[in-house]
Amino acid sequence: NQPPFPTDYCTVSATMLVETTTFLRRLIQDVRLAGGEFVIRDFKDQEELHTLPEPVIFNCTGLGSRSLFGDQGITPAKGQLVLLPPDPAVDYLTVGGGTGSLYMFSRNDYMILGGTFGLDDWSTEPDPKETERILKESQQFFAGVE
Ligand SMILES: Cc1cc2nc3c(=O)[nH]c(=O)nc-3n(C[C@H](O)[C@H](O)[C@H](O)COP(=O)(O)OP(=O)(O)OC[C@H]3O[C@@H](n4cnc5c(N)ncnc54)[C@H](O)[C@@H]3O)c2cc1C
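Residues numbered from 1 in each chain as written. Predicted model: local features only at pLDDT ≥ 70, side-chain atom pairs only at ≥ 80, totals over all residues. Heavy atoms only, no water.

*Asks:* What exactly am I supposed to notice about helix α1 (residues 20-33) here?
*Replies:* Spacing of three or four residues puts side chains on the same side of an α-helix, whose turn is 3.6 residues. Between its first and last C-alpha, α1 extends 20 Å over 14 residues, near the 20 Å set by a 1.5 Å rise per residue. Directly after α1, the chain includes glycine 35, whose backbone phi takes a positive value near 95°. (Helix = DSSP H or I, 4+ residues; strand = E, 2+ residues; numbered from the N terminus. Expected span 1.5 Å × (residues − 1).)

*Asks:* Just to check I follow, could you spell out the pairing of strand β5 (residues 111-114) for this structure?
*Replies:* Looking along a regular strand, one sees the side chains alternate between the two faces of the sheet. Burial along β5 is two-sided: Met111 and Leu113 and Ile112 and Gly114, pointing in opposite directions, are all buried. In this structure, strand β2 (residues 81-84) lies alongside β5, joined through four bridges in antiparallel fashion. The residue of β5 that forms the bridge with leucine 81 is glycine 114. One ladder, built from four bridges, connects strand β4 (residues 103-106) with β5; its direction is antiparallel. Bridge assignment links tyrosine 103 to a residue of β5, and that residue is glycine 114. Counting the residues in the hairpin turn of β4 and β5 gives four residues. (Buried < 20%, exposed > 50% of the residue type's maximum accessible area, 1.4 Å probe, protein only. Pairing = 2+ DSSP bridges.)

*Asks:* What is the right way to look at the environment of proline 4 in this model?
*Replies:* Tracing the backbone shows proline 4 in the segment before α1. Residue classification places proline 4 among the partly exposed residues on the basis of a relative accessible area of 41%. Spatially, the C-alpha atom of proline 4 lies 8.4 Å from that of alanine 143, the residues being 139 residues apart in sequence. In contact with proline 4, other than residues within four places in its own chain, are Gly144 and Val145. (Contact = heavy atoms within 4.5 Å.)

Below you can see the structure in the form of structure tokens.
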């Protein structure tokens, strides 16, 4: 079978895609049903953490650990996506085929086109050049798909 993609090689495998919006919403619901509570607040420093009455604290502050715990070993990796309306007819995902990182995840809420991986990039602004590259390379990649 000749794949419709403009690549020399192509491998196909079965995989599982966890849809983050569905999964996280369900997770929040499960925590609440089990009696858990969400309190959103900002912690200035470790001292403020110690004022919590809870006996156990899990540190899941991501990049925040840098200032909160002086953890200089944690660095950002910037990722950029293009979100398109969903297409239920597309029941697969693709990875590869671009000059940079290129992938397509077909989800129920969006069709996700990616992506970028910028190690040590602190910017939170999308780069229009990357948006253009992702769109152009995706169009080329899917041009032969009927
Ligand atoms: C473009 C892109 C696409 C991705 N797609 C997927 C995907 O499809 N599936 C997937 O599984 N992963 C995906 N990831 C990875 C995923 O987003 C991360 O792995 C995940 O968010 C890490 O979760 P975390 O809870 O460890 O950290 P974070 O999500 O960074 O959460 C840390 C939290 O701590 C809080 N915080 C920090 N400092 C403080 C403070 N001083 N006081 C109070 N709160 C504080 C922050 O506000 C934040 O809410 C993607 C990442 C990128 C960049």
